[in-house]
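# Secondary and tertiary structure notes
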Amino acid sequence: MKKKILITGVAGFIGYSLASKLLSQGYNVYGIDNFDNYYSVLFKKLRIKNLKKNKNFNFKKIDIINYEVLDNYLRKTNFEYVFHFAAQAGVRYSLINPNKYIQTNIVGFFNLMEIFKNKKVKRFFYASSSSVYGDSQKFPLKETEKINPINIYGFSKKLNEIIGEFYSKQYKLNLTALRFFTVYGEWGRPDMFLFKLFKAIKNKNKFYLNNFGNHKRDFTYINDLVNILTKLMLKKDNKHNIYNISSNNPINIKKIINIYKSKYPFNLIPTNRHIADVLHTHGSNLKVFRKVKKKKLTKSRKGIQNTFNWYIKNKIYKIQ
Ligand SMILES: NC(=O)c1ccc[n+]([C@@H]2O[C@H](COP(=O)([O-])OP(=O)(O)OC[C@H]3O[C@@H](n4cnc5c(N)ncnc54)[C@H](O)[C@@H]3O)[C@@H](O)[C@H]2O)c1
């Protein structure tokens, strides 16, 4: 019997990418998503269309806020592993619509904890974020560092970790929090820096450069991330554990801008720092590297170039 794996937020960037990898390895993937319209629903539907080409993929449109519907659906199947990625992402939008973060990220997470506390899953992985660290300065940030989020998005992820810790202690639930650092790559998020930059390049449009490009981000390539997760999934671990999923190699945003600015004309408009943004992210990946015996990651220049080529070839700017 093929192992059954549940992925929430499967129409999203990371959910889709992990589902593709697991399907290619012969697993049965059950995916749920509510096709939230935070960014192009068409793009999300294209991801699901791709996944449906594999007969081992099952999809159900479900909102994780709706406990009864969620419980009804999930009680029918025994899953070996769960990857919970459904969330309202994005730090800036958390100032515009904080309620969505409370509903999806906190109530939705709590619903899943309640449903899975009595189900026999081997492990429940869930997406946390580098945003939990806030403006911490002890780089590279280790998982043991104090967490101090500066926006509602980061708070919602910190609360997930606190609730997760509680459910792992109180019930027989093995949980792993994954603190993702700026994930990018093919099928990436249209609301994030790289795809916005690519769109401006393609359309020779305005590009608003936050904080004059003085941020540093620990860009993590999606192919590396899914390789790590498929290995981590099979490892024995503590009842509740936390891992940074990062490249441990922060890049100055200005540096990326300069690479493209010299090749393609676009209208660069430098702006002030956004109050929801942290200045610098840089996570140590030593803990997860040791766990999965990983040594090397894709060079960021290569990962970004692959992403750009894919973006142009597939005309993503038309549906972004
Ligand atoms: N991409 C990154 O750089 C990054 C960094 C840190 C953390 N994360 C976290 O990783 C996870 C996946 O991120 P992503 O980049 O794939 O984001 P994404 O927005 O592409 O995917 C999230 C998916 O969840 C779905 N969703 C939203 N609300 C839902 C609800 N109420 N019910 C069911 N589905 C719902 C959305 O439709 C979307 O398809 C999220 O939890 C995010 O907060 C991502």
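Above: the structure in question.
Here is a short report on the structure shown in this document. (Residues numbered from 1 in each chain as written. Predicted model: local features only at pLDDT ≥ 70, side-chain atom pairs only at ≥ 80, totals over all residues. Heavy atoms only, no water.)

Moving on, we get to unusual backbone geometry. Each neighbour pair has its own omega, and for Phe139 with Pro140 the value is -5°, a cis peptide bond. Inspection of the secondary structure puts Pro140 in the loop between strand E5 (123–129) and helix H6 (152–170). Not every positive phi belongs to a glycine, and Lys204 is a case in point at roughly 50°. Its place among the elements puts Lys204 in the loop between helix H7 (193–203) and strand E8 (206–209). Exposure remark for Lys204: the relative accessible area of 59% places this residue in the exposed category. (Helix = DSSP H or I, 4+ residues; strand = E, 2+ residues; numbered from the N terminus. Buried < 20%, exposed > 50% of the residue type's maximum accessible area, 1.4 Å probe, protein only.)

Turning our attention to the environment of Tyr264. Position of Tyr264 relative to the elements: it lies in the loop between helix H9 (253–261) and strand E13 (267–270). With 50 residues separating them in the primary sequence, Tyr264 and Asn314 have C-alpha atoms 19 Å apart. Once you skip the residues sitting within four places of it in the chain, Tyr264 turns out to touch Ile201 and Phe308. (Contact = heavy atoms within 4.5 Å.)

If a probe as big as a water molecule is rolled over the atoms, it shows which places are left empty. As a volume, the second largest pocket reaches approximately 240 Å³. Lining the second largest pocket we find 13 residues, and of these Ile251, Ile259, Ser300, Arg301 and Ile304 sit closest to its centre. Looking at the lining of the second largest pocket residue by residue, the classes come out as six nonpolar, three polar and four charged. (1 Å grid on protein atoms, 1.4 Å probe; cavity = no way out; pocket = protein on both sides within 12 Å on 5 of 7 lines; lining within 4 Å. Points joined across faces, edges and corners; volume = space filled by probe spheres on them. Nonpolar A, V, L, I, M, F, W, Y, C, P; charged D, E, K, R; others polar.)

Once that is clear, we can look at the pairing of strand E6 (residues 175–180). Buried residues dominate E6, accounting for six of its six residues. What you see with E6 is no split at all: Leu175, Ala177 and Arg179 on one side and Thr176, Leu178 and Phe180 on the other are buried throughout. In this sheet, E6 lies alongside E5 in parallel orientation, the contact comprising six bridges. From the neighbouring strand, Tyr126 faces E6, where its bridge partner is Ala177. Taken together, E5, H6 and E6 form a β-α-β motif whose crossover is right-handed. In this structure, E6 lies alongside strand E11 (residues 240–245), joined through six bridges in parallel fashion. Residue Leu175 lies in a different strand from E11, and its bridge partner there is His240. (Pairing = 2+ DSSP bridges. Right-handed = clockwise from strand over helix to strand, strands pointing away.)

This brings us to helix H8 (residues 222–232). Of all eleven residues that make up H8, eight are buried, and the element is covered over most of its length. If you check which residues of H8 are buried, you get Ile222, Asp224, Leu225, Val226, Ile228, Leu229, Thr230 and Leu232.

What the seven strands build is an open sheet, ordered E3-E2-E1-E4-E5-E6-E11; its pairing is parallel. Where the open sheet ends on each side, the last strands, each with one partner, are strand E3 (57–61) and E11. When strand polarity is set aside, the average angle formed by the axes of neighbouring strands in this sheet is 20°. As paired elements, strand E1 (residues 4–8) and strand E4 (residues 81–84) share four bridges and run parallel to each other. Bridging across to E4, Thr8 finds its partner in His84. (Axes fitted to C-alpha atoms, helices over the stretch in contact; angles between N-to-C directions.)

Let us look at a nonpolar patch on the surface. Taken together, the side chains of Leu95, Ile96 and Ile275 make up a nonpolar region of the molecular surface, amounting to roughly 370 Å² of accessible area. Position of Ile96 relative to the elements: it lies in helix H4 (residues 93–96). (Patch = residues over 30% accessible without salt bridge, like charges linked within 9 Å, V, L, I, M, F, W, Y side chains within 5 Å. Areas by Shrake-Rupley, 256 points an atom, 1.4 Å probe, with all protein chains shown as cover. Salt bridge = Lys/Arg side-chain N within 4 Å of Asp/Glu carboxyl O.)

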